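One letter stands for each residue in the lines below.
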Amino acid sequence: MTAPLAPTPRVATRRRASLLRSVLRQPLGAVALAVIALFVIVAIIGPWIVPGDAYTAHLDAILLPPGPDHILGTDPSGRDVLSRLIIATRSSMLGAAIALVVAAAIGISTGLIAGYYRGWFESVFSYGASLFLALPSMVVLLAARSVIGPNLWWAMVIFGVIVSPAFYRLTFATVAGVRHELYVDAARTSGLSDVRIVGRHILSVVRAPVIIQAAGIAGVAIGIQAGLEFLGMGDAKLITWGGMLNDGFQAIYRQPWLLAWPTLALVLISVALTLVANTLRDVLERSSSARRSRSSEQAPAVYTIPAGTALSVRDLEVAYGDDKAKQAVVVRNVSFDVAPGEVLGLVGESGSGKTQTAFAILDVLPGGGRITAGCVALAGKVTTQAERAHERGRSVAYIPQEPMSNLDPSYTIGAQLTKPMRKCAKMTKTEANANALRLLNRVGIANPERVMGLYPHQVSGGMAQRVLIAGAIATEPDVLIADEPTTALDVTVQAEVLDLLRDLQAEFGMAMVIVTHNFGVVADICDRVAVMQDGSIVETGDVESVFDHPQHPYTRELLGAILDDASVRELPSPTTTNGVLS
Amino acid sequence: MGRFIARRILAGISLLFVITSAAYFLLYLSGGDVARNLLGPTASDAQVAAKATELGLDQPLLNRYWDWLSGALTGDFGTSWASRAPVTELLSGRVAVTLTIVVAAVIVSGIGAVVLGSLASSRGGWVDRTIQVASLVGAAVPGFLIAMVLVLVVAINLGWFEPTGYINPSTSITGWLSTAVLPITALAVAGVAGVTQQVRGSMLDERRKDYVRTLECRGLSSRTITYQHVLRNASGPALNVLALMFVAMLGGAVVVEQVFSIPGLGKLTVTSTLSSDVPVIMGIVVVTVVLVVILNLLIDLLQAWLNPKVRLS
Amino acid sequence: MTEPLLAVEDLRVAYPGRGFRSPDTEILHGVSLDITAGETVGLVGESGSGKTTLGRALLGLAPVTGGRIKFKGEDITHADKAARRRLTRDIQVVFQDPYTSMNPNLTIEQTLTEPLRANGTSKRDALDKVAAMLDAVHLPTDSLGRYPNEFSGGQRQRIAVARALTLDPSLIVCDEPVSALDLSNQRRVLDLFIEIQERTGVAYLFVSHDLAVIRHLSHRVAVLYQGDIVEWGGCDQVTACPEHPYTQRLLMAAPVPHPIKQARHRADRQRVLAAQREAELQSGA
């Protein structure tokens, strides 16, 4: 099994009792759990339910085919195969349990300590983990066997030690992640001791991923144990699936069916354990499928779009989820026009649907989202989805909110700017380079040659946003959609970026839609404003009239919440400054 | 970049030194009365003492370790207790056999996983579900079981490939293929399955990132975005899994070689384990760790090439 | 003047460099300020200025490498664990992100009683106290059995305020407590902070990047720029007619939420920037 290289799950909104139940609710998970339960029961009661003689050789009954006396036949020594299969269950399960307990005890405790205290604990334990991870466990087990002899239980203890890094890395990553959650800091400033913080806030987060990992480790332990016995390294007195495989392999030409039964047992339990782990992971992480819903727009012909608009939106509805009954509508009945050279502000609080509207125009809604009604028109012409996709990077451009995460970390800024020019505008490499330099210069970057060769993590947020703006205007678009273009920036940088956007908009005469929650930004750059609430536009108008004479109560509430700077607080009078509370 | 490589090489050497030293002391300290074990219960005390002197077991452990270490640095791992042959000679032919098979399995795993993983994450629907279930089952089933099923069905019943034996690729490429395809398949199933899961998962994570939307809005085709941007950024975690798979395959090769009777490192491990031939086992441990260290170094270089943050820090 | 509640003198904070023998990164280069009982000191600065680090240093969550922090006359710069736990009764915190500052697995009751129980209050007294606190932040008492994810950002931030208040502290460090909230919630939570201060006399160190928020709430304001306090004084003076060029830039940069005023403000900003460039050129020449 591999340690958690995927991002650690942000678990936890669920409580434990429901975990088992939600696994059982998945059909595959329920079947897999039932299989595991069956194996455990057989392991416990096995010796009392065997139908035949598992131990004594009967030379008169070797390699019998399945029949009434021997349901699964007999092996090369004439012993009953079904009975041996049942007896062997116990050692397999017990061996896996030993390995699991050892691995979990070592891995979780070291992971907790290293993740919580970091420092040299982390260095030492992580180095130790890397040692174990460099060793193939089968080679280690054989080396150990050569000096301590054939002992299954010791082998499983050693295997537990070797795979403990899987638990270590998982626990470490989870704890180190949660260690800097604010609620752990809050617990410390509440006066909790380290032990109580670990017990109360950290163990609960580790639990779920550890259970998932344990199911995987158990499967690997059963497999490796069978491998050892198959090689003849096991305890000859013990009946095991691996030993039975060895017997069967010797008789592969005479009675191939002998291989089938232990193989079946091993495959069943391994697959069941993996499926349980996977179902748990799905339940906890709610991992989404790769599917991406496609739009089912209404027949576009019914809308009449006024001539001369750069962008028109009519009766736009955006919904998530395929199921008509369960789908969540996040944008409804949104209509607006933007003339060439006009700047429209789309204002609202979080969840108002302003960003979803912008994504719908660009046809880049996240997985599961689609336009369920209405249309988007560009340059007075109603567009299909394919047409809008084609216009992206040509006549329609986008400026994102968070500059850093919107640049690919693996490519230089120059490569990211020139690639679309070469692919879409069919420029040569030299042309694209010259164009990129010119654009970087235009957006106010002082040393464009140097910046072209830098990677995103080497530049500041403000510079990254300028680069993204340069990329957006590269094709001199007619329509520019900016999603909170200054929100992630520092105030002083924000003012510079707003100045730049205003200049560029005037220079190219672009129609612009700015999505924002900040009325200062609206006042600074917008000609008109549309106020959104719960997915609908509640008020549209010229900036000045909306600010001075808001019509809708929600607009008035929003404007009323702006902190006016008329007066500051008086210093507290001496009588109230005793600092003692009620 | 140069410092990065130097640091990784140094880390690899320290890993090699610590593991082999620990293995040496554990193997020689816990071995009990080796000479007695080798000669059996019927030997006289004098015979046992003579044997111990012959094997150098009467020397203090630290002296023996020092001798072993200085020998190992020049490629001399001592002589086998069982066959009296030099360990280096026993290892030399076999390492190539195992390495050929395991490296082929790693390459198959890497390519298979990239194809299946990107297919699953970009197509979705039943393609995704089929690949998911297949990779779950493939990763769960132990490799030697797959090896036995392959021997039984493909080699014995269908007669497509040789059930046992090994032909060197330098002797005959077709002969090598007829003997190596099945063992490579047996090892690669788990590799393909495990790495596919990681590729699929990281690509889905990567696809949700903001820069993908921005690239879409710049007019890049989804093909360009998937293979030049998403896959590249998703490859880091997948390469780490591939490195772990290599270690797992070295272990899996021990059993798979037994099933196909291939004269590789695995077969040597089994015979020397049964005869408690500690010098040979030490040699095997050293070779295994050297291989792992070299592969990890290659993976690190690949990571640095793909990820500028690694390279420039 | 009477002795301040909290005095910070020439405080330095540095994080150890990553990796062997790499140099430390100093975040604060010797800052000094003081807080009187019952007052709000606003701490304004941009990202990387060290404003959050200063708050964390007061709470013992950041490595202090120089200078002193005195609380009620007692030096708490390097308070040991036991002293730190005693201090939790006096100094509390409200964090920025209302979504990660509460353990999602614990009910509101468990979250709120935690500081009381850790300080040895009986379960029954803790419950009474917590009910009173919920009332103080205007949340219904039936919130106790619910989990954080059942509340909106604004409500969660009220719960965080209630948690900070349960131990009757005399100082609360507020680290950008409203920057993650929507406009309408932001106003309501700020007014709650004022109301509580006027009723209980608690002092705030209020950290924010937003000058308007700082101005709304503070009595005195410190401006932090790249690890140094560049301006420190009465709220009206610092936020209306600042002296330091950086504070001037900061004040001019934030757009005013009205189109006509903003047009004027923008012109002012261009003028100030031009004047500053001029001054810089002359001092350089």
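Residues numbered from 1 in each chain as written. Chains lettered and ligands numbered in written order. Predicted model: local features only at pLDDT ≥ 70, side-chain atom pairs only at ≥ 80, totals over all residues. Heavy atoms only, no water.

## A word on the overall build of chain A
Thought 1: When helices and strands are counted, chain A shows 20 helices and 10 strands.
Thought 2: Its C-alpha atoms give chain A a radius of gyration of 33 Å, more than 25% over the compact-globule value 25 Å for 582 residues.
Thought 3: Taking all 582 residues of chain A together, the buried fraction comes to 56%.
Thought 4: Contacts in chain A between residues far apart in sequence, at least 24 positions, make up 71% of those at least 6 positions apart.
Thought 5: Only carbon and sulfur atoms are counted for the fraction: they give 59% of the accessible area of chain A, which is about 24,000 Å².
Thought 6: One way to put it: in chain A the 47 positive side-chain charges average out to a point 9 Å from where the 49 negative ones average out. (Helix = DSSP H or I, 4+ residues; strand = E, 2+ residues; numbered from the N terminus. Rg over C-alpha atoms; globule rule 2.2 N^0.38 Å. Buried < 20%, exposed > 50% of the residue type's maximum accessible area, 1.4 Å probe, protein only. Contact = heavy atoms within 4.5 Å. Areas by Shrake-Rupley, 256 points an atom, 1.4 Å probe, with all protein chains shown as cover. Lys, Arg positive; Asp, Glu negative; His and termini not counted. Charge placed at Lys NZ, Arg CZ, Asp CG, Glu CD.)

## Considerations on the overall build of chain C
Thought 1: If you tally the helices and strands in chain C, you get 10 helices and 10 strands.
Thought 2: Relative to the 2.2 N^0.38 estimate, which gives 19 Å for 285 residues, the radius of gyration of chain C is 20 Å and therefore close to what a compact globule would have.
Thought 3: For chain C, the C-alpha atoms occupy an extent of roughly 70 × 50 × 45 Å along the three principal directions.
Thought 4: When each of the 285 residues of chain C is scored for burial, the buried share is 56%.

## Examining the confidence of the model for chain A
Residues and elements named next belong to chain A.
Thought 1: Looking at chain A, the pLDDT average stands at 86 and 91% of residues meet or exceed 70.
Thought 2: Confidence drops under pLDDT 50 across residues 287–295; counting only partners more than four residues distant or on other chains, this segment forms 28 contacts.
Thought 3: Every residue in residues 574–582 scores below 50 in pLDDT, and together they form 13 contacts with partners more than four places removed in sequence or on other chains. (pLDDT = per-residue confidence, 0-100.)

## Some thoughts on the interface of chain C and chain A
Thought 1: Taken together, the 74 residues of chain C in the interface contact 60 residues of chain A.
Thought 2: For the pair chain C and chain A, the summed buried surface comes to about 5,800 Å²; carbon and sulfur atoms form 55% of the total.
Thought 3: The closest approach of N and O atoms between A:D194 and C:K81, which form a salt bridge, is 3.1 Å.
Thought 4: Taken together, the links from chain C to chain A amount to 24 residue pairs in polar contact (both at pLDDT 80 or more).
Thought 5: When residues of the side of chain C that touches chain A are traced back to their parent elements, those giving at least two are α2 (81–87), β6 (91–94), α3 (108–118), α6 (183–200), α7 (211–217), α8 (235–240), α9 (245–253) and α10 (259–284) of chain C.
Thought 6: For the side of chain C that touches chain A, the leading source of residues is α6(C), giving 10 residues. (Buried area = accessible area lost by both parts, 1.4 Å probe. Salt bridge = Lys/Arg side-chain N within 4 Å of Asp/Glu carboxyl O. Polar contact = N/O pair within 3.5 Å; in protein donor to acceptor, adjacent residues only side chain to side chain.)

## A word on the interface of chain A and chain B
Thought 1: At the junction of the two partners, chain A supplies 74 residues and chain B supplies 70 residues.
Thought 2: When chain A packs against chain B, the two sides together hide about 6,300 Å² of surface, and 69% of this comes from carbon and sulfur.
Thought 3: Inspection of the chain A/chain B interface yields zero salt bridges.
Thought 4: Counting every contact that joins chain A to chain B gives 14 residue pairs in polar contact (both at pLDDT 80 or more).
Thought 5: Residues of the side of chain A that touches chain B, tallied by class, amount to 45 nonpolar, 20 polar and nine charged. (Nonpolar A, V, L, I, M, F, W, Y, C, P; charged D, E, K, R; others polar.)

## So, a positive patch on the surface
Thought 1: A surface patch of like charges, here positive, comprises A:R196, C:R85, C:R117 and C:K123.
Thought 2: Inspection of the secondary structure puts C:R117 in helix α3. (Patch = residues over 30% accessible without salt bridge, like charges linked within 9 Å, V, L, I, M, F, W, Y side chains within 5 Å.)

## Section: helix α14 (residues 429–442) of chain A
Residues and elements named next belong to chain A.
Thought 1: Between the first and last C-alpha of α14 there are 20 Å, a value that for 14 residues agrees with the 20 Å anticipated at 1.5 Å per step.
Thought 2: Of the positions making up α14, those classed as buried are A432, N435, A436, L439 and L440. In a view along the axis of α14, the buried residues occupy a sector of 135 degrees, so they form one face of it.
Thought 3: Where the residues of α14 are buried, they touch α13 (413–424), α15 (448–452) and α16 (461–473).
Thought 4: Downstream of α14 by a residue or two, G444 has a phi angle that is positive, lying close to 85 degrees. (Expected span 1.5 Å × (residues − 1). Arc of directions from axis to C-beta.)

## Side note on a negative patch on the surface
All names here are of chain A.
Thought 1: Taken together, the side chains of D527, D542, E544 and D548 present a region of like negative charge at the surface.
Thought 2: One can find D542 in strand β10 (residues 536–542).
Thought 3: When its relative accessible area of 47% is taken as the criterion, D542 is described as partly exposed.

## Considering the pairing of strand β1 (residues 311–320) of chain A
Residue and element names in this part refer to chain A.
Thought 1: When you tally the buried positions in β1, you get seven out of 10 residues, the bulk of the element.
Thought 2: Summarising the sheet, β1 and strand β2 (residues 328–338) pair through seven bridges and their orientation is antiparallel. Residue pairing across strands places A319 opposite V329, the latter belonging to β2.
Thought 3: Bridge count for β1 against strand β4 (residues 369–378) is eight bridges, and the pairing is antiparallel. Counted as the bridge partner of V318 is I371 from β4. (Pairing = 2+ DSSP bridges.)

## What about the sheet that holds strand β8 (residues 203–208) of chain C?
Residue and element names in this part refer to chain C.
Thought 1: Taken in spatial order, the six strands make up an open sheet running β6-β7-β8-β3-β9-β10, and their pairing is mixed. The open sheet has two edge strands with one neighbour each: β6 and β10 (228–234). On average, each strand axis in the sheet is inclined to that of its neighbour by 15 degrees, with strand direction left out of account.
Thought 2: Bridge count for β6 against strand β7 (residues 171–175) is four bridges, and the pairing is parallel. What sits directly across from Q92, in β7, is I172.
Thought 3: Contacting β3 (40–44), β6, β7, β8 and β9 (220–225), helix α1 (residues 51–58) crosses the sheet at an angle of about 150 degrees to β8. (Axes fitted to C-alpha atoms, helices over the stretch in contact; angles between N-to-C directions.)

## Quick word on the nonpolar core
Thought 1: Core analysis: the biggest nonpolar cluster contains 189 residues, and A:F230, A:L231, A:W241, B:W68, B:L91 and B:M148 have the highest contact counts within it.
Thought 2: In terms of residue count, the dominant contributor to this core is helix α10 (residues 222–260) of chain B (20 residues).
Thought 3: Judged by nonpolar contacts, the second largest core, of 54 residues, contains A:I445, A:M512, A:A523 and A:L559. (Core = buried A, V, L, I, M, F, W, Y, C linked by side-chain atoms within 4.5 Å.)

## Quick look at the environment of A:P76
Residue and element names in this part refer to chain A.
Thought 1: Assignment of secondary structure puts P76 in the loop between α2 (27–49) and α3 (81–117).
Thought 2: P76 sits 19 residues away from A57 along the chain, and the two C-alpha atoms are 8.8 Å apart.
Thought 3: Apart from the residues within four sequence positions on either side, P76 is in contact with I62, L63, D247, A251 and L258.

## A closer look at the packing of aromatic side chains
Thought 1: All told, the structure shown has 23 aromatic pairs over all chains when counted by the stated rule.
Thought 2: With a centroid separation of 5.9 Å and an interplanar angle of 90 degrees, the aromatic rings of A:F39 and A:W241 are classed as edge-to-face. A residue pair is termed long-range when its members are at least 10 positions apart, and A:F39 in helix α2 and A:W241 in helix α9 (residues 241–250) qualify at 202 residues. The same class applies to A:F39 and to A:W241, which are both buried.
Thought 3: Here the aromatic rings of C:F193 and C:Y204 are separated by 5.3 Å at their centres, their planes lie at 90 degrees, and the arrangement is edge-to-face. In this pair, C:F193 is assigned in helix α6 and C:Y204 in strand β8, connecting sequence segments 11 residues apart. (Phe/Tyr/Trp six-rings, centres within 6.5 Å; stacked < 30°, edge-to-face > 60°.)

## Things to note about the packing of helix α6 (residues 152–179) of chain A against helix α8 (residues 194–230) of chain A
Residues and elements named next belong to chain A.
Thought 1: Between α6 and α8, the least distance of the axes is 9 Å, while the angle of their chain directions is 155 degrees. By the angle class used here, α6 and α8 are roughly antiparallel. Of the two elements, α6 crosses α8, and the hand of that crossing is right-handed.
Thought 2: Here the residues of the contact of α6 with α8 sort into 21 nonpolar, four polar and one charged. (Parallel < 35°, antiparallel > 145°, perpendicular 65-115°, else oblique. Left-handed = near helix turned anticlockwise from the far one by under 90°.)

## Some remarks on helix α4 (residues 61–73) of chain B
Thought 1: For α4(B), built from 13 residues, the straight-helix expectation of 18 Å at 1.5 Å per residue is met to within 8% by its first-to-last C-alpha distance of 18 Å.
Thought 2: Packing partners of the buried residues in α4(B) comprise α1 (2–29) and α12 (278–306) of chain B.

## Examining unusual backbone geometry
All names here are of chain A.
Thought 1: One non-glycine residue with positive phi stands out, namely R118, at about 50 degrees.
Thought 2: For R118, the position within the fold is in the loop between α3 and α4 (119–133).
Thought 3: Positive phi outside glycine occurs at E476, with the angle close to 45 degrees.
Thought 4: Mapping E476 onto the fold places it in the loop between α16 and β7 (479–483).

## Here we look at the pattern of salt bridges
Thought 1: Counted by the stated rule, this structure contains 37 salt bridges over all chains.
Thought 2: A salt bridge links A:D247 to A:R79, with the nearest nitrogen and oxygen atoms 3.9 Å apart. Separated by 168 residues along the polypeptide, A:D247 in helix α9 and A:R79 in the loop between α2 and α3 bring together distant segments of the chain.
Thought 3: You can call A:D247 partly exposed: its relative accessible area is 23%.
Thought 4: Between B:D205 and B:R208 there is a salt bridge, with the nearest N and O atoms lying 3.4 Å from each other.
Thought 5: A single network of salt bridges, built from pairs that share partners, joins A:D499, A:R502, A:D524, C:R266 and C:R269.

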